[in-house]
Amino acid sequence: MYEALERLNEGDWLHTFPEGKISQENVPMRRLKWGVASLIARTLVPPIVLPICHSGFEKVMPENYLFGKRPLLPLWFKNISIVVGEPMQFDIPTLRATAETAVRTMYFNEREGSPLPELPCKAPPSSLPEDMVLRWLYSHMSEQLRKIMQELYFKAKALNKKMSSE
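Residues numbered from 1 in each chain as written. Predicted model: local features only at pLDDT ≥ 70, side-chain atom pairs only at ≥ 80, totals over all residues. Heavy atoms only, no water.

A. Main features of the pattern of salt bridges. Going through the model one piece at a time under the given rule, you end up with 10 salt bridges. Between Glu130 and Arg96 there is a salt bridge, with its nearest N and O atoms 2.6 Å apart. Of this pair, Glu130 sits in helix 5 (residues 130-165) while Arg96 sits in helix 4 (residues 92-107), and the two are 34 residues apart along the sequence. Overall, Glu130 belongs to the partly exposed group, its relative accessible area being 39%. Put simply, Glu3, Glu6, Arg7, Glu10 and Asp12 are held in one network by salt bridges that share partners. (Salt bridge = Lys/Arg side-chain N within 4 Å of Asp/Glu carboxyl O. Helix = DSSP H or I, 4+ residues; strand = E, 2+ residues; numbered from the N terminus. Buried < 20%, exposed > 50% of the residue type's maximum accessible area, 1.4 Å probe, protein only.)

B. Region of interest: the packing of helix 2 (residues 35-42) against helix 5. As a packed pair, helix 2 and helix 5 sit with axes 8 Å apart at the nearest point and diverge in direction by 110°. In terms of orientation, helix 2 and helix 5 fall into the roughly perpendicular class. Between helix 2 and helix 5 the crossing geometry is right-handed. Two secondary-structure elements touch here, helix 2 through Val36, Ala37, Ser38, Ile40, Ala41 and Arg42 and helix 5 through Leu137, Tyr138, Met141, Ser142 and Leu145. Grouping the amino acids of the contact of helix 2 with helix 5 by side-chain chemistry returns eight nonpolar, two polar and one charged. (Axes fitted to C-alpha atoms, helices over the stretch in contact; angles between N-to-C directions. Parallel < 35°, antiparallel > 145°, perpendicular 65-115°, else oblique. Left-handed = near helix turned anticlockwise from the far one by under 90°. Contact = heavy atoms within 4.5 Å. Nonpolar A, V, L, I, M, F, W, Y, C, P; charged D, E, K, R; others polar.)

So, in structure tokens, the structure goes:
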């Protein structure tokens, strides 16, 4: 992660699969890992995020090809669809302020100025647990990315299906 952050801070390209695994099942996209959001939030200049999804690679290297194993070499003449989304950038200072407000609202009853009874929080309202702010920030950013990538994934699947039927 430190090397990835260093590359991003140098303005280099970084390609990652934020799902944390490659899934060959036809199911909705899993919750994204927070590592990508963490990298975006910690860069000196927030990078441009270019969401890319693909479909068809599961036919090139199927997990259960022969006797439950992958083929030794990639299979030929398979359709692969790659869909590139719109570039996006996260406004980290604004998102961080929103995260702090959300955490403050979650942890403190601002009308009374005291911690909510169900949460064992003794800190004054001006002091927020940093890990909770980061958790909200990373979770929110990851969910935004997941929604966009899910949309692109369905477009790639539809395109691949269309190509296969032609």
